[in-house]
Amino acid sequence: MSHYIRGLVVRSAGVPAELVELRLPEIGPGQVRVKVRAAGVCHSDLSMINGTLRPPHPLVLGHEAAGEVVEVGEHVTRTRVGDHVVLNWQPACRTCWFCEHGQPWLCSTSSGVAALENGLTLDGAPVHVTLGLGAFAEQVVAPENAVIPVPKELNFEVAALLGCSVLTGSGAVRNTAQVQPGESVLVIGLGGVGLSAVAAARAAGAGKVIAVDVTEAKKGLAEAAGATDFVVSSDSLSKEIRNLTGKLGADHAIECVGRASTIRAAWRATRRGGQVTVVGMGAADDMVQLGALDIFSSARTLKASVYGQADTDIEVPALARDVLDGKLDLDHLITDRITLAEVPAAFDRMSRGEGARSVALL
Ligand SMILES: [Zn+2]
Ligand SMILES: [Zn+2]
C-alpha cells in the first residue's frame, strides 16, 4: 500500500521551498517508516538553499528530527512499532574501515552525502532527501540504523535536537576539544549548535566560556546557556578575547559558523598551543589562509568535529538520560515552535541571526 505524505520540497536551486504531496516508497528489508513528530530548523538545511551547498533537486529538506516508528521491514531488530526514535543522519554501518577503527562518525557508507534518493517520489519522479532523511515531512523511510530509540518520557521537540545540534555542539566540546576543568573556551556563532557548545563547556567545568555572535540579541540566550562572557564579533575580537584571558588568548575556540573569516578569528583568538575546533560546515571555495610561520610558531591545533565525533548509538541515549535526570536543560534552546509550513520563515529568521532553535511540531 502506498502512503502519501506532505513534505517541504525545494524543486530547483533558488526557488522557495513549498509543502507538496509526496509518495513514500514501500519499505524494504531492514528499513523502517517513522512518523515525524518534531523537526528542528538546522543551519545545514539553510546551507542547502542559500547556495553554500549545491545539492541535487528536487530535495526534501530536514535532518534534525524525532518521531514514532509506525512500520518495520523484515529483519529489523533494533526497533519496533511504537518506539520513539531520534533520527540519525550519519548512521554507522559498523563494518567499514572507520567503523571498525572506532570512528563511526566518519562511516564511509554515508559520509559526505548531502542528499540521496530513497524511493520517495513527487508526481512520479524521484526526489532527493537531505542527509538521507528529508525530515521536514510527515513521515520518513530510513534504514533501521538511522533510528535511535529513546525513552518515551522524553518529549519529541527535545529529542529532535539530540539528533543534530545538541550532539554536534556538546560532542565538539567533550569529544573533540576535550575541554578540561578551568580552561577557557571561546564559542563563535550562537545558533543551536553554538549554544549547545556553550552549555557543554560550562558543564565540563570550563573557567571562562566566552560566547560570540554578530549581534547583542544573542546575549540573553548565551547567558542562559551558561556563558560567563558575551562579546559582539568585530575586527578587534582577538584583542578582546586576549583581554578576557589574561593577555594569553583562549585555550579553546569552537567555531560554529563554517566560514573562513570566523575560522581565522577563532585561530587568532586562541593562545599559543591552543586548539581550534571547527564545527560549522562551510563552502568548498571559501579558503582559509594561515601563514606557514604562524602555523609553526603559534603551535596551535586546528581540528574539525563531524557530528560531535560521537558514536550516536551510545551518546544520543546518554544525552536523553541526562535530559530526563535534569542534568541537561535544553528548553532554553527552543525559541520558536512552528508548523511545517512556517519552516521557510524560520530560515529567514536564521539568516538574520534571530533566536535559537525553531522546531516544527507535527
Ligand atoms: Zn543539523
Ligand atoms: Zn561504517
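Our subject is the structure that appears above.
As a starting point, this report considers the structure included with it. (Residues numbered from 1 in each chain as written. Chains lettered and ligands numbered in written order. Predicted model: local features only at pLDDT ≥ 70, side-chain atom pairs only at ≥ 80, totals over all residues. Heavy atoms only, no water.)

1. What about the coordination of the zinc ion (ligand 2)?
Coordination sphere of the zinc ion (ligand 2), protein contribution only: Cys93 (SG), Cys96 (SG), Cys99 (SG) and Cys107 (SG), at 2.3 to 2.4 Å. Metal-centred angles of 102 to 117 degrees between the four donor atoms at the zinc ion (ligand 2) mark the site as tetrahedral. We note that the donor set of the zinc ion (ligand 2) lies within a single chain, spaced as C-x2-C-x2-C-x7-C. Pair noted here: Cys93 is in the loop between strand E6 (84–87) and helix H2 (97–100) and Cys107 is in the loop between H2 and strand E7 (115–122), with a separation of 14 residues, a long-range link. (Donors = N, O, S within 2.8 Å, 3.2 Å for Na, K, Ca; no water. Tetrahedral: all angles 85-135°; square planar, octahedral: opposite > 155°, others 65-115°. Helix = DSSP H or I, 4+ residues; strand = E, 2+ residues; numbered from the N terminus.)

2. Some points on the environment of Met48
One can find Met48 in helix H1 (residues 43–49). With relative accessibility at 4%, the residue Met48 sits in the buried group. In the structure, Met48 is positioned 66 residues away from Ala114 in sequence and 8.4 Å away in space, judged by C-alpha atoms. (Buried < 20%, exposed > 50% of the residue type's maximum accessible area, 1.4 Å probe, protein only.)

3. Here we look at the side chain of Thr262
With respect to the element layout, Thr262 can be found in helix H8 (residues 260–269). Each residue touching Thr262, except ones within four places of it in the same chain, is listed here: Ile188, Glu255 and Val257. (Contact = heavy atoms within 4.5 Å.)

4. Structural notes on H8
Within H8, burial applies to Ala260, Thr262, Ile263, Ala266, Trp267 and Ala269. Contacts from the buried residues of H8 go to strand E11 (184–188), helix H7 (237–244), strand E14 (250–255), strand E15 (270–278), helix H9 (292–298) and strand E16 (301–304).

5. What about the layout of surface pockets?
As a volume, the second largest pocket reaches approximately 390 Å³. Of all the secondary structure elements, the ones that give two or more residues to the lining of the second largest pocket are helix H4 (165–177), helix H5 (192–203), helix H6 (219–225) and helix H10 (312–324). The element contributing the most residues to the lining of the second largest pocket is H5, with six residues. Of the residues that constitute the lining of the second largest pocket, the class distribution is twelve nonpolar, four polar and six charged. (1 Å grid on protein atoms, 1.4 Å probe; cavity = no way out; pocket = protein on both sides within 12 Å on 5 of 7 lines; lining within 4 Å. Points joined across faces, edges and corners; volume = space filled by probe spheres on them. Nonpolar A, V, L, I, M, F, W, Y, C, P; charged D, E, K, R; others polar.)

6. Quick word on H4
The largest bend in H4 is about 40 degrees, located at Gly171. Among all positions in H4, only Ser165, Val166, Leu167, Thr168, Gly169, Ser170, Gly171, Ala172, Val173, Asn175, Thr176 and Ala177 are buried. With its phi angle positive at about 50 degrees, Gln178 sits one or two positions after the end of H4. (Bend = angle between axes of the 7 residues up to and from the residue.)

7. Details of the packing of aromatic side chains
Inspection of the entire model under this criterion finds three aromatic pairs. Seen in terms of ring centroids, Trp97 and Phe98 are 5.2 Å apart; in terms of plane orientation they differ by 80 degrees. Their pairing is edge-to-face. Taking relative accessible area as the criterion, Trp97 reaches 54% and is therefore assigned exposed. When the ring of Phe136 is compared with that of Phe347, the centres are 6.4 Å apart and the planes differ by 80 degrees; the resulting orientation is edge-to-face. Of this pair, Phe136 sits in the loop between strand E8 (125–130) and strand E9 (139–143) while Phe347 sits in helix H11 (residues 343–351); the two residues are 211 residues apart in sequence, bridging distant segments of the chain. (Phe/Tyr/Trp six-rings, centres within 6.5 Å; stacked < 30°, edge-to-face > 60°.)

8. Thoughts on the coordination of the zinc ion (ligand 1)
Angles at a metal have ideal values that depend on geometry: 109.5 degrees with four tetrahedral donors, 90 or 180 degrees with six octahedral donors. Here the zinc ion (ligand 1) is held by the protein donor atoms Cys42 (SG), His63 (NE2) and Cys164 (SG), which lie 2.0 to 2.1 Å from it. The sequence pattern describing where the donors of the zinc ion (ligand 1) fall on their chain is C-x20-H-x100-C. Residue Cys42 is located in the loop between strand E3 (31–40) and H1, and its partner His63 is located in the loop between strand E4 (59–60) and strand E5 (64–72); the two are separated by 21 residues in the primary sequence. For Cys42, a relative accessible area of 3% puts it in the buried group.

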